[in-house]
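# Geometric and topological summary
The residues making up each chain are set out below.
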Amino acid sequence: MKKMNVTELSQHITHQDIAPLYLVVGEEAYLQQAAREQFLKILPTDERDLNLGQYDLNETSLATALADAMSMPFLGERRVVFLNSPVFLTSEKSKIEQPVNELIDYLQAPTPTTALVIFAPYAKLDERKKVVKLLRQRAVIIDTAKLSEQAAREAFQYELKKQHLKITSQALQLLIQRTDADFSLMMAQLTKLALYAQSSHEIDQVAVTRLVTAKLEDNVFDLVNAVLNRKVKLALEQYQMLILQQEDPIKLNAVLLNQFRLLLQVKILQAKGYTQGTLATKLKVHPYRIKLALRQVKKFSKDDLIHAYLGLEKLEVGMKSSQMDRRMLFELFVLHFAKYKH
């Protein structure tokens, strides 16, 4: 098994060192797309209509795709066949029954003039399956797993360098916060940030503030801190600001509930010895959110988190059933929590 990242794949394609089998696996959407663009370079532009096949395996049988892969190139040296949505490689159930045994047979004797590329945008494959084991043995594996916060920082700065751009440390930190350190989301913002910085060649905090929309969760993070620290005036001011931004009180309460649930889970599991990495896996939450949650829970007791969470559950019932003004109900919740002492 040979394994490489997308940068190494680019060099591999440039040197025309083409293998008959590739497995592109991982959830980082930007890297999946970057890999796809590299594989397209195998074929001259004028040959792509003739020698490129793309199949969505949620809709098309593997038999059809493999028949294409076994075909000879037409007026060219090579065919490229993309297999998308291979759910049968995971523990999930496919939308249509696939003849996986035909793929197993193909993997043992692939057509040498075809580059068969399987795009698997999943965190995990089902390693118990024979087809997955065989792919691991026979295919070149292209790693497109989600990047850690540090890796996302470095990869983003590398992309900036290619465009002769820089970013201030404050701007990068704000971008990390507003995208939860999701590299694909960071790259989705690059075009407009680069346009902003076309004269200065530097992206500053003002650019990120203006151009990268803050998520509701970002504002709720500050509101959670204000509630837990019993800063009643600040909490009510922040809540009012969100209401003025046309946020629905019930939706806002749901986001608050989710955040307090996460904090409570992190507090409990951390006490059981879970680390940042294992927490992210266990709770299926991005590691950056876990990192922020770990910072928050250090300052507060489990009892406070439980009391706030139960208070928000009661608030949700009140918002849906009471005739009282929803903002007033939230104010009562904040005041009640501020007076509560374990």
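A brief report on the enclosed structure follows. The model shown is predicted, which means the values in this text are computed figures rather than measured ones.

## Some remarks on the pairing of strand β2 (residues 21-25)
Most of β2 is tucked away: five of the five residues are buried. With five bridges joining them, β2 and strand β5 (residues 114-120) adopt parallel strand pairing. Each residue of the ladder has a partner; that of Val-24, found in β5, is Phe-119. Relative to strand β6 (residues 140-143), β2 runs parallel, the two sharing four bridges. Each residue of the ladder has a partner; that of Val-24, found in β6, is Ile-142.

## Quick notes on the sheet that holds strand β4 (residues 79-84)
Taken in spatial order, the six strands line up as β1-β6-β2-β5-β4-β3 in an open sheet, and their pairing is parallel. Among the strands making up the open sheet, the edge pair consists of β1 (2-4) and β3 (52-56). Neighbouring strand axes in the sheet, compared pairwise and without regard to direction, differ in orientation by 20 degrees on average. The pairing of β1 with β6 spans three bridges and is classified as parallel. Considered in β6, the bridge of Lys-2 is made with Val-140. With respect to the sheet, helix α1 (residues 6-14) is in contact with β1, β2 and β6, its orientation differing from that of β1 by roughly 110 degrees.

## Focus on the layout of surface pockets
Here the largest pocket is characterised by a volume of approximately 680 Å³. Along the wall of the largest pocket there are 24 residues; nearest its centre are Glu-27, Ala-123, Lys-124, Lys-146 and Thr-281. At the level of secondary structure, the elements contributing two or more residues to the lining of the largest pocket comprise β6 and α15 (276-283). Considering every element that reaches the lining of the largest pocket, the biggest residue donor is α15, with three residues. The residue inventory of the lining of the largest pocket, partitioned by class, reads 10 nonpolar, five polar and nine charged. There is about 530 Å³ of room inside the second largest pocket. Looking at the second largest pocket, it is lined by 20 residues, and the ones nearest its centre are Val-6, Thr-7, Leu-31, Ala-155 and Glu-159. Mapped onto the lining of the second largest pocket, the elements with two or more residues apiece are α1, α2 (29-40) and α7 (149-162). Looking at which element gives the most residues to the lining of the second largest pocket, the answer is α7, with six residues. Grouping the amino acids of the lining of the second largest pocket by side-chain chemistry returns 10 nonpolar, five polar and five charged.

## Considerations on α7
Across its 14 residues, α7 extends 20 Å between first and last C-alpha, which sits within 8% of the 20 Å expected from 1.5 Å per residue. Of the residues trailing α7, His-164 is marked for its positive phi of about 60 degrees.

## Some words on unusual backbone geometry
Non-glycine residue Ser-85 carries a positive phi angle of around 55 degrees. Among the secondary structure elements, Ser-85 is positioned in the loop between β4 and α5 (100-108). Of the residues examined, Ser-85 reaches a relative accessible area of 22% and is grouped as partly exposed.

## Focus: the side chain of Gln-259
Here Gln-259 shows up in helix α14 (residues 249-271). Setting aside residues up to four positions removed in sequence, Gln-259 forms contacts with Val-220, Phe-221, Val-224, Arg-289 and Gln-296.

## Looking at the environment of Leu-40
Structurally, Leu-40 is set in helix α2. Since its relative accessible area comes to 21%, Leu-40 is described here as partly exposed. Residues Leu-40 and Val-80, 40 residues apart in the sequence, show an inter-C-alpha distance of 7.9 Å. The contact partners of Leu-40, leaving out residues within four places of it in the chain, are Arg-48, Leu-52 and Phe-82.

## What to know about the pairing of β4
Burial analysis of β4 places six of its six residues in the buried class, which makes it a mostly covered element. Relative to β4, β3 is paired through five bridges, and the arrangement is parallel. The residue bridging Leu-52 from the neighbouring strand is Val-80, located in β4. Between the parallel pair β3 and β4, the chain is carried across by helix α4 (residues 62-69), and the sense of this crossover is right-handed. Relative to β5, β4 is paired through six bridges, and the arrangement is parallel. Each bridged residue has a counterpart across the sheet, and for Leu-83 the counterpart in β5 is Ile-118. Note on the crossover from β4 through α5 to β5: the handedness is right-handed.

## Let's talk about the pattern of salt bridges
Enumeration according to the criterion identifies 12 salt bridges in this entry. The partner of Arg-153 in a salt bridge is Glu-149, with the nearest N and O atoms 3.0 Å apart. Taken together, the residues Arg-153 and Glu-149, both in helix α7 and four residues apart, mark about one turn of the helix. Note on Glu-149: relative accessible area 14%, which makes it buried. When the shortest N-O distance is used, the salt bridge between Lys-320 and Glu-316 registers 3.5 Å. In this pair, Lys-320 and Glu-316 are both assigned in helix α17 (residues 302-321), four residues apart and thus about one turn of the helix distant. In this structure Lys-320 comes out as exposed when scored by relative accessible area, which is 57%. The structure contains a network of salt bridges with shared partners spanning Glu-28, Lys-146 and Asp-182.

What counts, and where the lines are drawn
Residues numbered from 1 in each chain as written. Predicted model: local features only at pLDDT ≥ 70, side-chain atom pairs only at ≥ 80, totals over all residues. Heavy atoms only, no water. Buried < 20%, exposed > 50% of the residue type's maximum accessible area, 1.4 Å probe, protein only. Helix = DSSP H or I, 4+ residues; strand = E, 2+ residues; numbered from the N terminus. Pairing = 2+ DSSP bridges. Axes fitted to C-alpha atoms, helices over the stretch in contact; angles between N-to-C directions. Contact = heavy atoms within 4.5 Å. 1 Å grid on protein atoms, 1.4 Å probe; cavity = no way out; pocket = protein on both sides within 12 Å on 5 of 7 lines; lining within 4 Å. Points joined across faces, edges and corners; volume = space filled by probe spheres on them. Nonpolar A, V, L, I, M, F, W, Y, C, P; charged D, E, K, R; others polar. Expected span 1.5 Å × (residues − 1). Right-handed = clockwise from strand over helix to strand, strands pointing away. Salt bridge = Lys/Arg side-chain N within 4 Å of Asp/Glu carboxyl O.

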